[in-house]
There are 2 protein chains.
Amino acid sequence: MLDFSHGAAYVDGQLVPIAEAKISLLDWGFLHSDATYDVAHVWKGKFFRLDDHVERFLSSMGKLRMSIPHSRGDLRSILVDCVRVSGLREAYVEMICTRGLPKPGARDPRTCTNRFFAFAIPFVWIANPQKQTEGLHLIVSRWQRIPPESVDPTVKNYHWLDMIMGLFEAYDRGGETAVVVDTRGNIIEGPGFNIFAVKGRTFTTPARGVLEGITRRTAIELATEYGYEVVQRNLPADEARTADEVFVTSTAGGIMPITKIDERAIGSGIPGPITQKLQEGYWTLHEDPHYTFKIDYE
Amino acid sequence: MLDFSHGAAYVDGQLVPIAEAKISLLDWGFLHSDATYDVAHVWKGKFFRLDDHVERFLSSMGKLRMSIPHSRGDLRSILVDCVRVSGLREAYVEMICTRGLPKPGARDPRTCTNRFFAFAIPFVWIANPQKQTEGLHLIVSRWQRIPPESVDPTVKNYHWLDMIMGLFEAYDRGGETAVVVDTRGNIIEGPGFNIFAVKGRTFTTPARGVLEGITRRTAIELATEYGYEVVQRNLPADEARTADEVFVTSTAGGIMPITKIDERAIGSGIPGPITQKLQEGYWTLHEDPHYTFKIDYE
């Protein structure tokens, strides 16, 4: 019997234990980071907004001129299979399309057969529930996010060296995570998350150069439903530092409070009531059949 | 007997046929393109400037805060072994360091054990010798190279989506390869190559935002030796279009003439005499013991 308990992957048409999930060193998905991906999550045995993730994934593939011989239904089945065999009730589920390998000796991406991979592993938190009661200490990095003129940020991609170096900078400066900025010092996003600043009854989140996150979208929908105004525009770092509340959004943890930026406490230095209200709303949606899809583990 | 004839790789301390050379889907080298690499080549059974490539590789690793338990001598031995078992007399030899995998559930790159990979495959040409007699048709892409404020270009890296999309644009516009630009339309570099424009007795090559290529360095050294002036500064696209000669430099093919940029022929539309002189000089250096290292295939 194969041991899928640490996670399962779909590779070359087969389900394999996560430890055996591998990609060719020569795949351009690795050698040129010529790939796109998406991540959905499973909570209490249910996928959350799976169709939205699959739609964005297909859109990203189209923008990179990639195609695979799988329908939406196929993708859904493969992702469910990964979770089902792993038995994981809380899972982080990634779908990936890579350029593949060119013909031997060729350097023309048009000669590549694009490849599809997927995997499910135990749920990953940017800040776990314990940490969320305190909030995260965020550092505004000096590194700039790769601009949209270089890589389309609406294509979810693996170009993360800016954010990785931002993380090292954050650790050096005593922080726990980082955001990268644009050329004028506006905050863009962090490794795997979008950011929101709340001032009075207005939410501000960066408009340009960001991944249009599904959790970001959920936060915007909830805030609007609760009667707040949500503005998508530039977010100068100083505006975030002087906000009433700041939070980040990610499939890897939902809505997570930031209680310190650089050396400055945000609000009263503890997670604020609006962030907490949104967190509650976010997790309550995980019971809503409109947003969820129950996995049959039998 | 294992078949190494299509190439050989060093993975997890073992030499394996290239078809079996794989990396975990979960390695951040793939999932976050958190990796650096270098490529040397073997010509007529000899490595060319191997030590320069190894030095740059170690420098790149340092800048990304990566380390591996291999000395310079170990790296050299591993690379030689990859070539030796493959039997390839002309080879493209890549060394790679990836961040590795974080501890389960962690998102902290400091918890990763960095990993080393290497492989040798048959020599790859950006333009093969036949194509070099005509020269390449280059397109100046609208895509901008990822700027140094986002990713340090002196760290050889896999962040290539700008260049891949530039290639697709080039094909759409009838070209054979592409260069990406900076915010002001200066040419930066192309997929795997640096660029030079020659006007009169002056060579111009972009100074900022580029990989400092070893073949670029060789071209600068040769041009200087031949009495030309070499200037490293911004290279506006129009200056390249109106140059006497244009060529690109890469480990994957050496010094290769560009004879058309967008819709405009360069010089008389055929490879120019200065480019040809440099090409001759480049391949002659492959006989020079100062630059080469003979592989013992027995």
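Calculation criteria
- Residues numbered from 1 in each chain as written.
- Chains lettered and ligands numbered in written order.
- Predicted model: local features only at pLDDT ≥ 70, side-chain atom pairs only at ≥ 80, totals over all residues.
- Heavy atoms only, no water.
- Helix = DSSP H or I, 4+ residues; strand = E, 2+ residues; numbered from the N terminus.
- Rg over C-alpha atoms; globule rule 2.2 N^0.38 Å.
- Buried < 20%, exposed > 50% of the residue type's maximum accessible area, 1.4 Å probe, protein only.
- Contact = heavy atoms within 4.5 Å.
- Areas by Shrake-Rupley, 256 points an atom, 1.4 Å probe, with all protein chains shown as cover.
- Lys, Arg positive; Asp, Glu negative; His and termini not counted.
- Charge placed at Lys NZ, Arg CZ, Asp CG, Glu CD.
- Pairing = 2+ DSSP bridges.
- Axes fitted to C-alpha atoms, helices over the stretch in contact; angles between N-to-C directions.
- Domains from an automatic or database assignment.
- Buried area = accessible area lost by both parts, 1.4 Å probe.
- Salt bridge = Lys/Arg side-chain N within 4 Å of Asp/Glu carboxyl O.
- Nonpolar A, V, L, I, M, F, W, Y, C, P; charged D, E, K, R; others polar.
- Parallel < 35°, antiparallel > 145°, perpendicular 65-115°, else oblique.
- Left-handed = near helix turned anticlockwise from the far one by under 90°.
- Right-handed = clockwise from strand over helix to strand, strands pointing away.
- Core = buried A, V, L, I, M, F, W, Y, C linked by side-chain atoms within 4.5 Å.
- Least-squares fit on C-alpha atoms with pLDDT ≥ 70 in both.
- Polar contact = N/O pair within 3.5 Å; in protein donor to acceptor, adjacent residues only side chain to side chain.
- Expected span 1.5 Å × (residues − 1).
- Phe/Tyr/Trp six-rings, centres within 6.5 Å; stacked < 30°, edge-to-face > 60°.

## What to know about the overall build of chain A
Helix and strand counts for chain A come out as eight helices and 17 strands. Its C-alpha atoms give chain A a radius of gyration of 19 Å, within 12% of the compact-globule value 19 Å for 298 residues. Among the 298 residues that make up chain A, the fraction classed as buried is 62%. Partitioning the contacts of chain A with sequence separation of at least 6, the portion at a separation of at least 24 is 70%. With the model as given, the accessible surface of chain A reaches about 11,400 Å², and the carbon-plus-sulfur share is 50%. Side-chain charges in chain A split into 33 positive and 38 negative, and the spacing between the mean points of these groups amounts to 3 Å.

## Digging into the sheet that holds strand E6 (residues 91-98) of chain A
Residue and element names in this part refer to chain A. Spatially, E2-E1-E7-E6-E4-E5-E17 is the arrangement adopted by the seven strands of the open sheet, whose pairing is antiparallel. What marks the edges here is a single partner per strand, and that holds for strand E2 (14-17) and strand E17 (292-294). Adjacent strand axes in the sheet meet at a mean angle of 25 degrees, parallel and antiparallel pairs treated alike. Bridge count between strand E1 (residues 8-11) and E2: four bridges; the pairing is antiparallel. Looking across to E2, one finds that Ala-8 is bridged to Pro-17.

## So, the sheet that holds strand E5 (residues 46-48) of chain B
Residue and element names in this part refer to chain B. Taken in spatial order, the seven strands line up as E2-E1-E7-E6-E4-E5-E17 in an open sheet, and their pairing is antiparallel. Here the strands that pair on one side only, and so sit at the sheet edges, are strand E2 (14-17) and strand E17 (292-294). Direction aside, the axes of adjacent strands within the sheet are offset by 25 degrees on average. Bridge count for strand E4 (residues 35-43) against strand E6 (residues 91-98) is eight bridges, and the pairing is antiparallel.

## Description of the domain arrangement of chain A
Residue and element names in this part refer to chain A. Segmentation of chain A into domains returns domain 1 (8-122) and domain 2 (129-286). Computed from C-alpha atoms alone, the centre-to-centre distance between domain 1 and domain 2 is 26 Å. Counting from both sides, the interface comprises 22 residues of domain 1 and, opposite them, 21 residues of domain 2. For the pair domain 1 and domain 2, the summed buried area comes to about 1,900 Å², and 59% of that belongs to carbon and sulfur atoms. There are two salt bridges connecting domain 1 and domain 2. Close ionic contact of Arg-217 with Asp-52 constitutes a salt bridge, the shortest N to O distance being 3.6 Å. Contributing elements (two or more residues each) for the side of domain 1 that touches domain 2: strand E4 (35-43), strand E5 (46-48), helix H2 (50-63) and E6. Sort the elements by how many residues they give to the side of domain 1 that touches domain 2 and E4 lands first, with eight residues. Classifying every residue of the side of domain 1 that touches domain 2 by side-chain character gives nine nonpolar, six polar and seven charged.

## Observations regarding the packing of helix H6 (residues 214-225) of chain A against helix H8 (residues 273-285) of chain A
All names here are of chain A. With their axes 10 Å apart at the nearest point, H6 and H8 run at an angle of 110 degrees to one another. Here H6 is positioned roughly perpendicular relative to H8, judged by the angle of their axes. Seen along the crossing, H6 lies across H8 with a hand that is right-handed. Here H6 contributes Thr-215, Thr-218, Ala-219, Leu-222 and Ala-223 to the contact with H8, which in turn contributes Leu-278, Gly-281, Tyr-282 and Leu-285. Residue composition of the contact of H6 with H8, grouped by class: six nonpolar, three polar and no charged.

## Examining the pairing of strand E8 (residues 136-144) of chain A
Residues and elements named next belong to chain A. Most of E8 sits out of view: seven of its nine residues are buried. Where E8 lies against strand E9 (residues 177-181), four bridges are found, and the strand directions are parallel. For Val-140, the partnering residue across the bridge sits in E9 and is Val-179. This β-α-β element, E8 to helix H5 (residues 161-172) to E9, shows right-handed connectivity.

## Some details on the nonpolar core
Ranked by internal contacts, the top residues of the largest apolar core, which has 160 residues, are Phe47(A) and Phe47(B). In this structure, Phe47(B) is in contact with Ala40(B), His41(B), Val42(B), Leu79(B), Val80(B), Val83(B), Val93(B), Tyr291(B), Thr292(B), Phe293(B) and Ile295(B), ignoring residues within four places of it in sequence.

## Digging into the relation of the copies chain B and chain A
Superposition of chain B onto chain A requires a rotation of 180 degrees combined with a translation of 0.0 Å along the rotation axis, giving an RMSD of 0.0 Å. Taken together, these values place the two copies in the relation of a two-fold axis. Mapped onto chain A, 100% of the interface residues of chain B are again interface residues, and the two copies thus contact each other with one and the same surface.

## Side note on the interface of chain B and chain A
On the chain A side, the residues contacting the 61 residues of chain B number 61 residues. Summed over both partners, the interface of chain B with chain A buries about 5,200 Å², with 69% contributed by carbon and sulfur atoms. Where chain B packs against chain A, one counts two salt bridges. Between Asp172(B) and Arg65(A) there is a salt bridge, with the nearest N and O atoms lying 2.5 Å from each other. Here chain B is connected to chain A by 23 residue pairs in polar contact (both at pLDDT 80 or more). If you list the elements that add at least two residues to the side of chain B that touches chain A, you get strand E1 (8-11), strand E3 (22-24), helix H1 (28-31), E6, strand E7 (115-122), strand E8 (136-144) and helix H5 (161-172) of chain B. Considering each element in turn, the side of chain B that touches chain A owes the most residues, eight residues, to H5(B). Class assignment of the residues belonging to the side of chain B that touches chain A gives a composition of 36 nonpolar, eleven polar and 14 charged.

## Observations concerning H5(A)
Residue and element names in this part refer to chain A. In this model, H5 (twelve residues) spans 16 Å end to end at C-alpha, consistent with the 16 Å of a helix rising 1.5 Å per residue. For H5, a buried count of eleven out of twelve residues is recorded, marking the element as mostly surrounded by other parts of the structure. Listed in full, the buried residues belonging to H5 are Leu-161, Asp-162, Met-163, Ile-164, Met-165, Gly-166, Leu-167, Phe-168, Glu-169, Ala-170 and Tyr-171. A positive phi of about 85 degrees marks Gly-174, the residue just after H5.

## Describing the packing of aromatic side chains
Residues and elements named next belong to chain B. Applying the stated rule across the entire model yields 32 aromatic pairs over all chains. A ring pair is formed by Phe-48 and Tyr-282, whose centres lie 5.5 Å apart and whose planes are at 70 degrees; its orientation type is edge-to-face. With Phe-48 in strand E5 and Tyr-282 in helix H8 (residues 273-285), this pair connects stretches of sequence that are 234 residues apart. Neither Phe-48 nor Tyr-282 differs from the other in exposure class; each is buried.

## Focus on the environment of Phe116(B)
Residues and elements named next belong to chain B. You can see Phe-116 is positioned in strand E7. The exposure class of Phe-116 is buried, given its relative accessible area of 7%. Each C-alpha atom, one on Phe-116 and one on Leu-26, is 15 Å from the other, the two residues being 90 residues apart in sequence.

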